[in-house]
Amino acid sequence: MAIVGAMAVLAAVSGCSRGSSINREPAPLAGTPGGPSTSRASLDDTAARMRARLSKDPGDAAAAVTLADALIRQTRVASNAGLANEAEQFLRAALRNHPDHYDAHRMLAAVYLSQHRFREALTEANNCVTMRADDPWVYGVMGDAHVELGEYPAAFEAFDRMAARRPNAASYARASYARELQGDLKGALQFMQMATEATSAQDPESLAWHHAQLGHLYLETGNIASARREYTHADYVFPGHPFAMEGLARAEAAEGRDDNALTLINRVIAVAPTPAALALAGDLLSALGRADEAERQYRLAESAWQSDAPEPSRYARFLSERGRRLNDAIRLAREAASDRRDIFTEDALAWAYFQTGHIEQAKAAMSIAMATGSRDRVIRYHAAEIARATGDTEAAKRYVAESLEGSPRFDLVAAPAAVKLRNALAAPRLAHR
Amino acid sequence: MKRFLAASIAVVAFGARLSAHPVSTTTVSVTIDRSARFEVTIAADADALITKLEALSSVPLRADAAVPPAERALRLAALGPVVVAGVSCEFDSTRITPEVETTEVSSSGQALIRLTGHAPSAARTMTWASSLVYGSYPVAFRGADGRETVLWLQGRDRSDPISLDGASHARTVARAVWLGFTHILPNGIDHILFVVGLLLLGSRSRQLLAQVTAFTVAHSMTLGLGLYGVFSLPAHVVEPLIALSVAYVGVENLMTSKLQPWRVIVVFCFGLLHGLGFAEALASLHLSRSEMLSTLVSFNAGVEAGQLSVIALAATILYAVTDARANWRQPLVACASGAIGLTGLCWTIQRVL
């Protein structure tokens, strides 16, 4: 009888074999089947519920993972990087109690990525691969980190592995970016469309992001109407999404409606004054002839890149593209390039070198910036100027034509300069005729 | 746009990639003393702050955006009114405009701005906001009782109202009591089985009291020592031993029907182990030194309340059954003890593996 009783009780409690140390209450991630939506209100609600769970049991790893996921998404829509730090703290607390909790490890890798700690993200992702080699998520993290570090072959290989294991919205989005980096905008658009279609309506935050990316790709191809449609759609599914608003401003600017663009970007700045938005406001004010206001926006952008969102690579790009403090731009770009050799950092370095008369160094950096075959219009324009300076007029003509093809107002700063360059390159031929 | 977005791509859970910015280098601390005087200290990169404040001011811009180091202190001092206009200190919805106390620039280029003011004497909360920071930055509030609360704010976000009357301390105490209670009921199934095991062999209240007291004294000792970092054991050692203690009480209950003298000593020793387990749960709250003692006492009170609830419930069931059928007591104790012993053994093996 004692044995029977023992077995009955054992069966009842066996699910709690670690006593108080494991909370088995499920906490599905936002945007996944059975999980809460990723609308702004729902993300707030998910974060509040998971915080409440963790205040009762800080070792609740499932709650920590779901909270971290919600915080990373909020980081994206609110540009509040402090939330990612908070996510890291919760995950670390959970991992102290459950050092082998796989989901916490892989979410930590994602958090590192959102904090721009790319090397640590790679280390954590590699650690995850040793625990579970068939998880496509981890290959996405690895690929993203490699992209940021400019390690493109490794990035593309990771993306391929991810897609081979699970062809879904996440892997389509990465395939799209890989195509874009390699200059295949049509392929990039197709993959991003597939990613958008594969995204659940339960996940409006990701849906808005995908629509905003489609908008960006349409802008790159010069299809402004489609870009505006996609940005509008992004704003519809996730009202006030910063990428949507900023994208709409760029679409307006691309069609020459600078006043409208300024109104839109000022709305973004009122909520989230990111350096990029401040720089765009400066460009628009400059284009509208409001030089003093433009200069104030540029200085706010400089200040923000220096201390509010310190990113040497992007700060260097801002300075070099606008011909400001070029020695600082070179120093910052060199610093950034010592750790990451991505094409945009190399382009910033090349352009700063070019403007300070270091043509050979500019040529070397530009060759790296163009190594993936990206059709980025600003890079193409910079390449054209450098090619012209090195005497390669034919290459200069080709590059400047590519930069302006289908989108003569692709950038408020670079496009007018590209038009001038194209005209200058054409002038001798006209004179010859 | 992707030129900027792409350069800062990161990952997001299942869906898209994610962009984010690093956090701001600006920090803010707010302290309030018992006379309701408050002081706000803003620490930031001097050059970036001066550039920003000058851009936000109405004064004509200098031709060169760079700030020569020799001019930093002077230019920052002149920008005090812009700083004051860019911060908001609200006490129960009443906005108080602070004054600039000092502005300093260190040789390393760090600016320190101190603002001071007086809060209304009966104010219960403070809310902070600033339009001067464009990134994500920490704000540390330190009340008159020395307690500190740190919030991360994004740009122009307003902080939640921060309590000035010590209510947050009461909440922390209540939270610790609740955490202690739930660490036993319902989450601490191993602790529950151990306590029930003690009850099954302590049919007389004196015997039960001796065991429970030994257990309580012991786990309180190691809980305190563990929390203050004086003594601890890794979880992979403590957890199997706790499971073994559960097995022990169950097995001993089957082997004897009366309380042996060594039982209280053994219970005391096992209590030491359980205390280390409790300390691990409490350590995960990341308490500051000033919070530890009150939280320790509160948590322990919660644990005791949980234990007493378990004993009360189990005793009620046991005595209700044996009162109706006196001859059921022995088989019931045997059944339950067997179950506890077997479960403890299984957990021990599982936790070792």
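**Quick look at the confidence of the model for chain A**
Residue and element names in this part refer to chain A.
Then step 1. Looking at chain A as a whole, its pLDDT mean stands at 87, while 90% of the residues score no less than 70.
Then step 2. Within chain A, helix 1 (residues 2–13) has the poorest average pLDDT of any element, 40, and helix 21 (residues 377–389) the best, 97.
Then step 3. In this model residues 1–24 is a low-confidence stretch, pLDDT under 50, and it forms 42 contacts with partners more than four residues away in sequence or in other chains.

**Concerning helix 11 (residues 204–221) of chain A**
Residues and elements named next belong to chain A.
Then step 1. Helix length check: helix 11 (18 residues) gives 25 Å between terminal C-alpha atoms against 26 Å at 1.5 Å per residue, within 8%.
Then step 2. Counting buried residues along helix 11, 17 of its 18 residues qualify, which places the element largely inside the surrounding structure.
Then step 3. After helix 11 finishes, the residue Gly222 shows a positive phi value of roughly 85°.

**What to know about the packing of aromatic side chains**
Then step 1. Applying the stated rule across the entire model yields 11 aromatic pairs over all chains.
Then step 2. Taking the centre distance of 6.1 Å and the plane angle of 35° together, the rings of Tyr152(A) and Phe156(A) count as tilted. Note that Tyr152(A) and Phe156(A) are positioned in helix 8 (residues 152–165) at a spacing of four residues, about one turn of the helix. Per residue, the accessibility class of Tyr152(A) equals that of Phe156(A), and both read buried.
Then step 3. Clustering of aromatic rings is evident, with ring pairs tying together Phe194(B), Phe215(B), Tyr248(B) and Phe270(B).
Then step 4. Cation over ring: Arg132(A) sits above Tyr102(A), and NZ or CZ is 4.0 Å from the ring centre.

**Remarks on the pairing of strand 5 (residues 87–91) of chain B**
Residue and element names in this part refer to chain B.
Then step 1. Judged by how many residues are buried, strand 5 sits mostly within the fold: five of five residues are covered.
Then step 2. Neither face of strand 5 is left uncovered, since the one carrying Val87, Cys89 and Phe91 and the one carrying Ser88 and Glu90 both have all their residues buried.
Then step 3. Bridge count for strand 5 against strand 9 (residues 125–130) is five bridges, and the pairing is antiparallel. Counterpart to Val87 in the pairing with strand 9 is Ser130.
Then step 4. Taken together, the three bridges between strand 5 and strand 6 (residues 94–96) define a ladder with antiparallel strand orientation. Paired with Phe91 across the strands is Thr94, a residue of strand 6.
Then step 5. Connecting strand 5 to the antiparallel partner strand 6 that follows it, the hairpin turn spans two residues, and Asp92 within it adopts a positive phi of roughly 50°.

The rules we used
Residues numbered from 1 in each chain as written. Chains lettered and ligands numbered in written order. Predicted model: local features only at pLDDT ≥ 70, side-chain atom pairs only at ≥ 80, totals over all residues. Heavy atoms only, no water. pLDDT = per-residue confidence, 0-100. Helix = DSSP H or I, 4+ residues; strand = E, 2+ residues; numbered from the N terminus. Contact = heavy atoms within 4.5 Å. Expected span 1.5 Å × (residues − 1). Buried < 20%, exposed > 50% of the residue type's maximum accessible area, 1.4 Å probe, protein only. Phe/Tyr/Trp six-rings, centres within 6.5 Å; stacked < 30°, edge-to-face > 60°. Lys NZ or Arg CZ within 6 Å of the ring centre and 35° of its normal. Pairing = 2+ DSSP bridges.

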